[in-house]
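Structural features, examined
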Amino acid sequence: MRLSLLLAGPLAVAASIGCALPATAQEARPSVADSFRLGTNTSLFCRVQSRLTDDVLATMFDRAYSIVCRDAAQAVGQVYALRTGPGDSLARVTAGRDMPVGCQSEEEARVEDIGTVSLSRCMLTAEPVAYHVYRWRSGDTEYVAQGLAGYDSALRLALRSIVTDRIVPGELTIATTELGDAAAFARVQAGTLDPDQALSEGYRRNNSGNYAEAAEFFETLLVRMAENDAADNERTGEYLINRALQQSNLGQFEEAEATYAEALAIPSASPTQLRLRRNFRALHLLNQRDFEGALAVLDEDLSTSMRQGERVEEAVISDDTASEINSGAEFDRRLGGDESERLTVTERGVILDAQAQQLRGAILHQFGRDDEATFNLEAALAAITSVRDGRVRSTARLRAQALSDLAAIAEEAGDFGSAESRLTAAISLMETTYPLSDATAATRARYGAFLARRDRADEALAVFGSIVAEYRENAVTRTAIENRLAPYFALMLDQMEQRPELISDFFLASEILVRPAVANTQSVFARELSGGNDEAARLFRQSITLARSVESLRIEIARLRGSEDPGRHAARIAAAEAELADLQAEQTRTQAALSGFPRYRALSTAALTLEDLQAILEPGEAYFKLSEVAGGVYGIWATRDDARAFRAEIDTNTLAARVDDIRESISTLEGRRRVTYPFNVGLSYQLFTEIMGPIAADLAAIDHLIFEPDGAMLRLPLNLLVTDDAALNAYEQRLGTAGNDEYDFRGIRWLGRGRAVSTSLSARGFRDVRNLAPSAASRAYLGFGENAEPPSNLHRASNSATPFATRCRWPLSVWQRPVAADELVAARNAVGQQGSEIVTGPAFNDVAITDRSDLNEFRIIHFATHGLVTQARSSCPPEPSLVTSFAPTETSDGLLTFGDIFDLKLDADLVILSACDTASAAGVTASQEAGVTGGDSALDGLVRAFVGAGTRTVVASHWPVPDDFQATQRLISGMFRAADGGDLGDALLRAQTALMDDAQTSHPYYWSGFAIIGDAGQRVVSAD
């Protein structure tokens, strides 16, 4: 029996839903022998699944499972059903434990649905971590649940489910850091299943639309095959073709193309393999909207999918292969079937050919050839139904897709009744087989869009609203649903004048869209500090650090195994794998200990409501949020007493082009020279009217604007938008006057003149930062800068674990232009020398900074140095770094890297990054090496690293900081002088205004580039 327990509240798992499947002799009901879930399908907290192998098992009637939970790096426990004689089961279970345990004598305990059971309270022998063992006997079956006591609620729920063999209500009270994501959890799950089960589960995640999770299953299967030095072309080819499909599903088309080529280079004459390759290749092209290319692939003869030169007659079926085919195991793997779905070769072929027909029908519909499309789609449905009377569960999504395509054709033909019946049938299929999944939500969204087109607004709003509520409740962001929500945004705007209460729903819908990865980092940091600096906070931080170390080491091992000569790294691989096992165990134990603190058992991931946001806004403040949805740009304006939503008069592509053009006039690289052109004032005003026109008149009453950007606007500070065409016209008229300076922008009405601007990462993140207590640090200011030039005899060691280490080094000339410490001195003098410190020259080196244990004693930390945020060479991955001096050790690289910064222990109110482009992205490689996900968005680079290290607010630059006219020094030192214990935003505004009013520095290049990421209203700068 498969369990899907709904999360009913912050802690409680209460209501449950079952799957009503057609009964057959083989599929009367799903069996608990496979796996079941604790938590929800989209925000899954714990899962119980069959163990890889288990020496405990002695008979075919025994069952063994691992319990894996989100945010834990390895299994937290096991549950068994053992058919044994009296007395020997406990010894067998003890022998099967993952770690040595010392137990006291048994006592009685009560477990709901079971009654009185035996409980042993134990401790790990290596360290004082509690461990529980539950036992209950019924007839000749001994049921056992054992694991870390911090996951006691999961142990009990798992035991109840195994014993009763039915869906049971229950409660999970386990710690969650919110650092781990669904993909990372999927990787832990994949590591506990045997290859056949992992492959089946990978297909299921793909079918349910959870592509990032599916990718982890296929990636893990490839890693495990490499670890075991296994040589199985059929399996390798299948794993690769699936990894390629998931890469394509996630929009990683170049990577997918390379993986497809690797898979297709493996010879195969298997009918199943060839059909998979054909269909998946077509899907890859469809993801890129190459309909003609996809149709051509579907029309190819299967033999063309074999490697060139491969002779069909060489593909001989061996006795072992024939045995596997006849057993049905091979076919279970190929479509993610389970023990109840023993498909034959013919049945497999029918289903895969039906998928090809469904794809062909969908493409023909795009071409307007609806008669042919209908024929193919109906033929696909008929073919699927012919296999086991349509009761093969893994074909549910294929059937639902065909029904949805037929519904679209029927609607266009005016047959609305047929369209609706097919859409509701598709929903029923998906909700039965893949409840609470992305694919099911997408199917329901199609129905909501249909209702909206039929002017059934109330019904459509209810459908879309339920989808948003589901995602909000489960606190999971999704990109796959974005396009499907576009009709919802349009419908709400259309109805909002008559129903103003829809603004709250509009805001809620915008909150479930994906934000930059730094937004999650900010929320994790806020949660760490939510209860103060106690033992719980220490464990929380330790769990996060260990989880990052696990991820980082896993990436290193994969990289070493994938190198051209993995044998050369055999010793390092072995050592890293041993270290990884230790780190995983330590992280899991830490997470279990964290469960003892109630504040970390409560979930805070739910999206913020509009009313929650308005409650924290002060008079004179406004929150302006941009959201990109399916090519459209939407704005939400909120003050304490008012809120409005609108669609901007611009699309995402045009917005990106506008931002690029504006940035080009600020700072652009021509050859090796950085060039600044006259600022494009007219384009800036045009962009202002396009994205803020409907609320332009409201700005006059606002002295602090909190801006949450999206898309291209993540790369542009809002303060440089021009808000008045009169000043624009005056500037343009002046240009016609002889001797006029086209770089003199005094008199321009900038959005940032007269009001402070904060950059928010998410509404929830802004709320969390605003509510945080100030830093408890005892010292005021710490400044770093003016690196020492590298010595002539510098030896730069090569790090063999990083393939880019030597080739991607920056030239030493980078270190030969140190930034003078004048800015730091001026800032320190403004803050006050008592309790302040400046570190320059040889002392300002990477090793000294990472080794310091007192960084958390400073409220303000200030870097004035060079920032490296692009690639050293075009073929190298970017690794955001701050330039430091070289330490007198071979391990020093003279850089404070993204990963180095993440590992610092800060308790800062403010970090100032007076270096080039410090508000830029990190890149996937740098993020992975630091053990975190994401990194492609602006602000995900050095800003994210310092937030993760322990910073409430960061001041970072959107472009290279100017040296001309001492602009940067004047700006930063002026900010400190203007502070005098006031708000950070007001202090920066005064310094910016001084530069605006100086003809030499009135170009936005000089005053606009630094953004306050966090809360400009915080009083974090003060003179001692």
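Residues numbered from 1 in each chain as written. Predicted model: local features only at pLDDT ≥ 70, side-chain atom pairs only at ≥ 80, totals over all residues. Heavy atoms only, no water.

Details of the overall build of the chain
Within the chain, the secondary structure is distributed over 35 helices and 28 strands. Across the 1024 residues in the chain, those meeting the buried criterion constitute 56%. Long-range contacts, defined as pairs at least 24 residues apart, comprise 70% of the intrachain contacts of the chain with a sequence gap of at least 6. Carbon and sulfur atoms form 48% of the exposed surface of the chain, whose accessible area is close to 39,600 Å². (Helix = DSSP H or I, 4+ residues; strand = E, 2+ residues; numbered from the N terminus. Buried < 20%, exposed > 50% of the residue type's maximum accessible area, 1.4 Å probe, protein only. Contact = heavy atoms within 4.5 Å. Areas by Shrake-Rupley, 256 points an atom, 1.4 Å probe, with all protein chains shown as cover.)

Overview of the packing of aromatic side chains
How two aromatic rings sit relative to each other is set out by the distance from centre to centre and by the angle between their planes. Enumeration over the complete set of coordinates arrives at 24 aromatic pairs. Taken together, a centroid distance of 5.8 Å and an interplanar angle of 90 degrees make the contact between Tyr-781 and Phe-976 edge-to-face. One end of the pair, Tyr-781, is in strand S20 (residues 779-787); the other, Phe-976, is in helix H33 (residues 967-979), and 195 residues separate them in sequence. Like Phe-976, Tyr-781 is buried. Positioned over the ring face of Tyr-260 is Arg-281, at 5.7 Å from the centre of the ring. One residue, Arg-454, lies across the ring of Phe-416, its end atom 3.8 Å from the ring centre. (Phe/Tyr/Trp six-rings, centres within 6.5 Å; stacked < 30°, edge-to-face > 60°. Lys NZ or Arg CZ within 6 Å of the ring centre and 35° of its normal.)

Some thoughts on helix H6 (residues 233-249)
An ideal rise of 1.5 Å per residue puts 24 Å on 17 residues; H6 measures up with 24 Å between its terminal C-alpha atoms. For H6, the buried fraction is high: 14 of the 17 residues fall into the buried class. Directly after H6, the chain includes Gly-251, whose backbone phi takes a positive value near 85 degrees. (Expected span 1.5 Å × (residues − 1).)

Observations concerning the packing of helix H12 (residues 345-366) against helix H14 (residues 396-412)
The contact between H12 and H14 brings their axes to 10 Å, and the two run at 25 degrees. By the criterion of interaxial angle, the relationship of H12 to H14 is roughly parallel. Here H12 and H14 pass one another in a crossing that is left-handed. Residues Ile-351, Ala-354, Gln-355, Gln-358, Ala-362 and His-365 of H12 pack against Leu-398, Gln-401, Ala-402, Asp-405, Ala-408, Ile-409 and Glu-412 of H14. In terms of residue class, the contact of H12 with H14 is made up of seven nonpolar, four polar and two charged. (Axes fitted to C-alpha atoms, helices over the stretch in contact; angles between N-to-C directions. Parallel < 35°, antiparallel > 145°, perpendicular 65-115°, else oblique. Left-handed = near helix turned anticlockwise from the far one by under 90°. Nonpolar A, V, L, I, M, F, W, Y, C, P; charged D, E, K, R; others polar.)

Observations regarding the nonpolar core
In terms of nonpolar packing, the biggest core is built from 71 residues, with Ile-691, Met-692, Leu-705, Met-713, Leu-718 and Phe-976 touching the most fellow members. In terms of residue count, H33 provides more of this core than any other element does, seven residues in total. Of all hydrophobic cores here, the second largest spans 49 residues; its members include Tyr-447, Ile-512, Leu-513 and Leu-610. (Core = buried A, V, L, I, M, F, W, Y, C linked by side-chain atoms within 4.5 Å.)

What about the state of the cysteines?
In total, this model carries one disulfide according to the counting rule given. Cys-103 shares a disulfide with Cys-122; S-S distance 2.0 Å. With the S-S bond torsion at 100 degrees, the cross-link from Cys-103 to Cys-122 turns out right-handed. On the criterion of sequence distance, the pair formed by Cys-103 in strand S7 (residues 101-103) and Cys-122 in strand S9 (residues 115-124) is long-range, its members being 19 residues apart. Residue classification places Cys-122 among the buried residues on the basis of a relative accessible area of 2%. (Disulfide = S-S within 2.5 Å.)

Here we look at the sheet that holds strand S27 (residues 951-957)
Reading across from one edge, S15-S14-S13-S18-S19-S28-S27-S26-S22-S20-S21 is the order of the 11 strands in this open sheet, with mixed pairing throughout. Of all strands in the sheet, those bounded by a partner on one side alone are strand S15 (643-651) and strand S21 (836-841). Pairs of neighbouring strands in the sheet enclose a mean axial angle of 20 degrees, with direction left out of account. Summarising the sheet, strand S18 (residues 704-708) and strand S19 (residues 756-759) pair through four bridges and their orientation is parallel. Within S19, the residue paired with Ile-706 across the bridge is Ser-758. Where helix H18 (residues 482-495) meets the sheet, its contacts fall on strand S13 (621-629), strand S14 (632-638) and S15, and the angle it forms with S13 comes to roughly 130 degrees. The sheet contacts of helix H34 (residues 984-996) involve S19, strand S26 (908-914), S27 and strand S28 (1010-1013), and relative to S28 the element is tilted by about 175 degrees. (Pairing = 2+ DSSP bridges.)

Overview of the pairing of strand S11 (residues 141-148)
Most of S11 is tucked away, with eight of its eight residues classed as buried. Where strand S6 (residues 77-83) lies against S11, seven bridges are found, and the strand directions are antiparallel. Residue pairing for S11: Val-79 is matched across the bridge by Ala-145. Joining the antiparallel neighbours strand S10 (residues 130-138) and S11 is a turn of two residues, in which Gly-139 adopts a positive phi near 65 degrees.

A word on the sheet that holds strand S24 (residues 881-883)
As summarised here, the arrangement of the three strands in space is S23-S24-S25, forming an open sheet in which the pairing is antiparallel. At either margin of the open sheet sits one strand with a lone partner, and together these are strand S23 (867-868) and strand S25 (895-897).

So, the confidence of the model for the chain
Put simply, the chain has an average pLDDT of 80, and 80% of its residues get 70 or more. Scored below 50 in pLDDT, residues 799-804 makes 10 contacts in the model with residues more than four places away or belonging to other chains. (pLDDT = per-residue confidence, 0-100.)

Considering unusual backbone geometry
In this model, Arg-388 sits at a positive phi of 55 degrees, which is unusual for a non-glycine residue. Unusually for a residue other than glycine, Gln-966 sits at a positive phi of about 55 degrees.

Digging into the pattern of salt bridges
Per the stated rule, a full pass over the model turns up 43 salt bridges. Where Arg-243 meets Glu-262, a salt bridge forms, and the shortest distance between an N and an O atom there is 3.9 Å. A residue pair is termed long-range when its members are at least 10 positions apart, and Arg-243 in helix H6 and Glu-262 in helix H7 (residues 253-264) qualify at 19 residues. Since its relative accessible area comes to 43%, Glu-262 is described here as partly exposed. (Salt bridge = Lys/Arg side-chain N within 4 Å of Asp/Glu carboxyl O.)

As for the pairing of strand S5 (residues 63-69)
Among the seven residues of S5, six are classified as buried, and the element is accordingly described as predominantly covered. Looking at chain direction, S5 and S6 are connected through five bridges and run antiparallel. When the bridges of S6 are listed, Ile-67 appears paired with Gly-77.

Focus: the environment of Tyr-677
Residue position: Tyr-677 is located in the loop between strand S17 (673-675) and helix H25 (681-692). In this view, Tyr-677 contacts Glu-664, Ser-665, Thr-668, Glu-670, Tyr-743 and His-1003; residues no more than four positions away in its chain are not counted.

Things to note about the packing of H7 against helix H8 (residues 271-287)
Running from N to C, H7 and H8 point in directions that differ by 165 degrees, and their axes come no closer than 11 Å. On the basis of the axis angle, H7 is roughly antiparallel to H8. Every pair of crossing elements has a handedness; the one defined by H7 and H8 is left-handed. Two secondary-structure elements touch here, H7 through Phe-253, Ala-256, Glu-257, Tyr-260, Ala-263 and Leu-264 and H8 through Arg-277, Phe-280, Arg-281, His-284 and Asn-287. For the contact of H7 with H8, a count of residues per class yields six nonpolar, two polar and three charged.

A few points about helix H27 (residues 763-771)
Counted residue by residue, H27 has seven buried out of nine residues, so it is predominantly covered. Listed in full, the buried residues belonging to H27 are Ala-763, Arg-764, Gly-765, Phe-766, Asp-768, Val-769 and Arg-770.

Some points on the environment of Asn-719
Here Asn-719 lies in the loop between S18 and helix H26 (725-735). Relative accessible area serves as the criterion here: at 6%, Asn-719 is assigned to the buried category. For the pair Asn-719 and Gly-1009, spaced 290 residues apart in the sequence, the C-alpha separation amounts to 9.1 Å. If we ignore the near neighbours within four places in the chain, the residues touching Asn-719 are Trp-750, Leu-751, Gly-752, Val-757, Gln-992, Trp-1007 and Ser-1008.

Topic: the environment of Thr-897
Here Thr-897 shows up in strand S25. Expressed as a C-alpha distance, the spacing of Thr-897 and Ala-945, which sit 48 residues apart in the sequence, is 9.1 Å. When residues no more than four places from it in sequence are discounted, the contact partners of Thr-897 are Glu-879, Pro-880 and Ser-881. One polar contact links Thr-897 to Asp-900, side chain to side chain, over a distance of 3.0 Å. (Polar contact = N/O pair within 3.5 Å; in protein donor to acceptor, adjacent residues only side chain to side chain.)

Observations concerning the side chain of Gln-591
One can find Gln-591 in helix H22 (residues 570-594). Every residue in contact with Gln-591, bar those within four places of it in the chain, is listed here: Asp-71, Tyr-151, Ala-175, Thr-176, Thr-177 and Ser-543.

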